[in-house]
Amino acid sequence: MAGDSGKRLPVGPVLAWVATRVLLLLYVFKVLSLSPLDVTTDVSVIYHGWYEVLKSGAFPHHDVTWQYPPAAALAVLSPALLPFLDYATAFFWLACAADLVAFALLLRGSRGEGRRPAGAYVWVLGVPLLGPTAYARYDVMVTAVAVAALLATVRRPRVAGALIAFGAMLKVWPVLLLTGVRDRRIWAAAAAGAGVLALGFWLWMPGAFAFLRFQGERGTEVESLGSLVFHIARHHGWEGQVLLNYGSVEFLGPYVGLVSDIALGLTAVAFGWLLLWRLRARTYGPQTAFDAAFTAVLLFTTTSRVISPQYMIWLIGLAAVCLTLRASVMVLPAVLVLAATVLTLYEFPVRFADVVGSTDLGITLLLLRNGLLVAASVIACRRLWVASALLPSRPRRASETRLPEHDQDAEKLLTW
């Protein structure tokens, strides 16, 4: 009986997932509303426009808002799988299906010795905290691929490598999942998969890599860490503007280029720290790859010139994977990410007018949200460094690691 109960579907998380996802669907189908700002127009207008171009056999490489690697075409074309629905409706249901796949994988990954259910709870709670944006972008699909890839690193290295390659061709950032991976089979499969996919798209459709040019020309988006300089400067006579530029609301004007360059420099410093950690790390376990991937993406997100709301989905997914293992040291950073997600929903779409207008409320929201991301980044880096700095006399089992007391309190909150 005990063995059967261990395989039984946990009712609590499943019911919570169903209830929260019904609520998300009510928002994207406009039965309920959080704000006058319609976050679904990216799907109904922009994605649908790309869909019409992609159907003709070419990338929308003349559209500066197309800033994604070639496999993103598959996500944009995916509503064709449901031809009996209109484009936006089909997309929202497919986003919900990707969400369900990630949830099922996390539930499965939470079973066994050294495992815990907190990861599934992070996903159940975190995704709806972002509001309708979670289903109104294709990032939930990319994150589902990343979750599958990271979980597969434990037992199916070649599958993991292939999924990492596919994820990177969907939206680049999943390449960071390799940060803490030592298994050469994963690296080889990822390199081979990326090469095959890149060649296939290059031969199949023109303009497959035009996104690289458009990405390089982006500025400082109004929600990024660097944007705080200009939000405050607007109250002291700064003469720049806030305009829609390259598909996002950005600052344009004096010193914007300098701040953008500083942000790129911080990203380079972060990657340099990750390289140093990789060279100095001595303790490796299944949790190391998980924790390193989460830390790398967290650093990339925090230092980015653009912190779009949907980026939080990436962090929620990777935090959830980390917390499937008791040996992970990322409980507190995961809780900080969840708190940052709540503030992200409030600043977009609920109070986005305040953010664009640089009001006191808008600035305060960004200071708090970005401050939480900075704090999570610093704590994650420190914990990753300490956890992997010592060379143990024997491999450490996941079940042998005891959480610090404040992390135990955080985990109880997640699984309450």
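So, how was this worked out
- Residues numbered from 1 in each chain as written.
- Predicted model: local features only at pLDDT ≥ 70, side-chain atom pairs only at ≥ 80, totals over all residues.
- Heavy atoms only, no water.
- Helix = DSSP H or I, 4+ residues; strand = E, 2+ residues; numbered from the N terminus.
- Contact = heavy atoms within 4.5 Å.
- Areas by Shrake-Rupley, 256 points an atom, 1.4 Å probe, with all protein chains shown as cover.
- Axes fitted to C-alpha atoms, helices over the stretch in contact; angles between N-to-C directions.
- Parallel < 35°, antiparallel > 145°, perpendicular 65-115°, else oblique.
- Left-handed = near helix turned anticlockwise from the far one by under 90°.
- 1 Å grid on protein atoms, 1.4 Å probe; cavity = no way out; pocket = protein on both sides within 12 Å on 5 of 7 lines; lining within 4 Å.
- Points joined across faces, edges and corners; volume = space filled by probe spheres on them.
- Nonpolar A, V, L, I, M, F, W, Y, C, P; charged D, E, K, R; others polar.
- Pairing = 2+ DSSP bridges.
- Expected span 1.5 Å × (residues − 1).
- Polar contact = N/O pair within 3.5 Å; in protein donor to acceptor, adjacent residues only side chain to side chain.
- Buried < 20%, exposed > 50% of the residue type's maximum accessible area, 1.4 Å probe, protein only.
- Arc of directions from axis to C-beta.

Structural notes on the overall build of the chain
And step 1. Scanning the chain for helices and strands turns up 18 helices and three strands.
And step 2. A separation threshold of at least 6 residues defines the contact pool for the chain, and within that pool the share at least 24 residues apart is 77%.
And step 3. Here the chain has roughly 18,300 Å² of accessible surface; of this, 66% comes from carbon and sulfur atoms.

Here's the deal with the packing of helix α8 (residues 157–171) against helix α9 (residues 184–204)
And step 1. Where α8 contacts α9, the axes come no closer than 7 Å and their chain directions differ by 40°. Between α8 and α9, the interaxial angle falls into the category oblique. The hand of the α8/α9 crossing is right-handed. Taken together, the residues of α9 that come into contact with α8 (itself represented by P157, R158, A160, G161, A162, I164, A165, F166 and M169) are R185, I186, A189, A190, G193, A194, L197 and A198.

Let's talk about empty space enclosed by the protein
And step 1. In total, this model carries one cavity of 30 Å³ or more according to the counting rule given.
And step 2. Volume-wise, the largest cavity comes out at about 60 Å³.
And step 3. Along its surface, the largest cavity is lined by ten residues, and Q287, T288, D291, A387 and S388 are the ones closest to its centre.
And step 4. The dominant element in the lining of the largest cavity, judged by the number of residues it contributes, is helix α13 (residues 286–303), at three residues.
And step 5. By residue class, the composition of the lining of the largest cavity is four nonpolar, four polar and two charged.

Considering the sheet that holds strand β1 (residues 220–221)
And step 1. Taken together, three strands build an open sheet; the order of strands is β1-β3-β2 and the sheet is antiparallel. On the outer flanks of this sheet lie β1 and β2 (241–245), each paired with one strand and no other.
And step 2. Summarising the sheet, β1 and strand β3 (residues 248–252) pair through two bridges and their orientation is antiparallel. Within β3, the position partnered with T220 by the bridge is F251.

Focus on helix α5 (residues 87–109)
And step 1. The end-to-end C-alpha distance of α5, which contains 23 residues, comes to 33 Å, matching closely the 33 Å that a straight helix rising 1.5 Å per residue would cover.
And step 2. Where α5 begins, the side chain of D86 points an oxygen toward the backbone nitrogen of A88, at a separation of 3.3 Å.

Looking at α9
And step 1. If you check α9, its first and last C-alpha atoms are 30 Å apart, about what 21 residues at 1.5 Å a residue would give, namely 30 Å.
And step 2. When α9 is considered as a whole, its buried residues turn out to be I186, A189, A190, G193, A198 and F201. Take α9 and look down its axis: the buried residues cluster within an arc of 155°, on one side only. Exposed residues pointing more than 90 degrees away from the buried face of α9 are listed as R184, A191, V196, W202 and L203.
And step 3. The secondary structure elements touched by the buried residues of α9 are α4 (72–77) and α8.

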